[in-house]
Amino acid sequence: YYSNEIIAEIYAQALENAGFEVERQFQIGQRDAYIPALESGEVNLFPEYSGNLLQYFDEETTARTAEEVYAALPDALPEGLTVLDQSTASDQDSYTVTAAFADEYSLSSIADLANVDVPLTLGGPPELAERPYGPAGLAETYGVDVSFSATGDTTVEDLVAGTVNVANVFTADPRIQTEDLVVLDDPEGLFLASNVVPVASADIADEIADVINQVSAALTPEALVALNVQSTADQLSSDEIATQWLEENGIS
């Protein structure tokens, strides 16, 4: 699924609907390729992810929550770049359970896992075992003890099958909707927040802010997952998905 391209197309169409002329440069590579393009002014607007962007410029940051990360970005960005309003939508690590498991144990937050009276097995990539937000971080931050299973590429399948009952899943994964999964809230900031945030050239930011901020306000976590479902399950193109989403949200 192409979250980044879909959001970029939404930005582009929203701006065109507002009378701006937009040139698209999609699939131009990773940060090492597009950050220099932003700094040079070759690219004026880019849909980014707040936590990953902050760590790119400040590897030692201690910011973790969405508010902390967003507040730290203006000082971390190079001169000439700024951020517009971030959305609540994100694409970041999470701890996720099935809806049935969440209902059975009244789970809405990672902290609620401490009240589960059956053994918890966490599934995720092998490297999760040593990550600061892995089993040790889960125990230290939330007092939740888990065993760990290196499920790798089959993490979601293992969660649905019941082989594990908690899984490390990215929050924009379309299978959250198609497999009826629940992302648990992270009030203590165990994971680095990575909300969708527009990065813009400072010299055009004020001019486009009203349009792009309207998009950010409407782009929720559930909406981003649904956009990705349209990409993977419905096989719609980015421009079709963007047009439909803008119409549904009354942004024209």
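As shown above, the structure is provided for reference.
Residues numbered from 1 in each chain as written. Predicted model: local features only at pLDDT ≥ 70, side-chain atom pairs only at ≥ 80, totals over all residues. Heavy atoms only, no water.

Draft legend 1. Geometry of the overall build of the chain. Along the backbone of the chain there are 11 helices and 8 strands. Over its C-alpha trace the chain gives a radius of gyration of 19 Å, about what one expects of a compact globule, namely 18 Å for 252 residues. Taken along the three principal axes of its C-alpha coordinates, the chain extends 55 × 40 × 25 Å. For the chain, the residues scored as buried account for 50% of the 252 residues in total. Taking contacts inside the chain between residues at least 6 apart in sequence as the whole, the part at least 24 apart equals 74%. In the form shown here, the chain has an accessible surface area of approximately 12,100 Å², with 44% of it arising from carbon and sulfur atoms. Positive and negative side-chain charges of the chain, numbering 5 and 46 respectively, have mean locations separated by a distance of 6 Å. (Helix = DSSP H or I, 4+ residues; strand = E, 2+ residues; numbered from the N terminus. Rg over C-alpha atoms; globule rule 2.2 N^0.38 Å. Buried < 20%, exposed > 50% of the residue type's maximum accessible area, 1.4 Å probe, protein only. Contact = heavy atoms within 4.5 Å. Areas by Shrake-Rupley, 256 points an atom, 1.4 Å probe, with all protein chains shown as cover. Lys, Arg positive; Asp, Glu negative; His and termini not counted. Charge placed at Lys NZ, Arg CZ, Asp CG, Glu CD.)

Draft legend 2. Structural context of the pattern of salt bridges. Applying the stated criterion across every chain, the model contains 5 salt bridges. Taking the shortest distance from any N to any O, the salt bridge between Arg24 and Glu9 comes out at 2.8 Å. Within this pair, whereas Arg24 is found in the loop between α1 (3-17) and α2 (31-40), its partner Glu9 is found in helix α1, the two being separated by 15 residues in sequence. By relative accessible area, which is 31% here, Arg24 ends up partly exposed. Through salt bridges that share partners, Glu9, Glu16 and Arg24 make up one connected network. (Salt bridge = Lys/Arg side-chain N within 4 Å of Asp/Glu carboxyl O.)

Draft legend 3. Inspection of the sheet that holds strand β4 (residues 121-124) at higher detail. The sheet built from 5 strands is open, its strands ordered β5-β4-β6-β3-β7 with mixed pairing. Each end of this open sheet is capped by a strand with a single partner; those strands are β5 (147-150) and β7 (181-183). Mean inter-strand twist for the sheet, computed between neighbouring axes without regard to direction, equals 30°. (Pairing = 2+ DSSP bridges. Axes fitted to C-alpha atoms, helices over the stretch in contact; angles between N-to-C directions.)

Draft legend 4. Just the packing of helix α3 (residues 50-57) against helix α4 (residues 66-76), in detail. It is at 10 Å that the axes of α3 and α4 come closest, and there the two elements cross at 35°. The way α3 lies across α4 gives a crossing that is left-handed. Seen from α3, the contacting residues are Ser50, Gly51, Leu53, Leu54 and Phe57; seen from α4, they are Val69, Ala72, Leu73 and Ala76. Among the residues forming the contact of α3 with α4, the class breakdown is 7 nonpolar, 2 polar and no charged. (Left-handed = near helix turned anticlockwise from the far one by under 90°. Nonpolar A, V, L, I, M, F, W, Y, C, P; charged D, E, K, R; others polar.)

Draft legend 5. Highlighting helix α6 (residues 135-142). Taken residue by residue, α6 has Pro135, Gly137, Leu138 and Tyr142 as its buried positions. Looking down the long axis of α6, one finds its buried residues gathered within 160° of arc, a one-sided arrangement. Residues of α6 that are exposed and point more than 90 degrees away from the buried face comprise Ala136 and Glu140. Buried-residue contacts for α6 involve β3 (95-98), β4 and β5. Positioned one or two residues after α6, Gly143 has a phi angle of 70°, which is positive. (Arc of directions from axis to C-beta.)

Draft legend 6. Focus on the side chain of Ser3. Note that Ser3 resides in helix α1. Within the structure, Ser3 has its side chain in polar contact with the side chain of Asn228 (distance 2.8 Å). Every residue in contact with Ser3, bar those within four places of it in the chain, is listed here: Tyr49, Ala172, Leu224 and Asn228. (Polar contact = N/O pair within 3.5 Å; in protein donor to acceptor, adjacent residues only side chain to side chain.)

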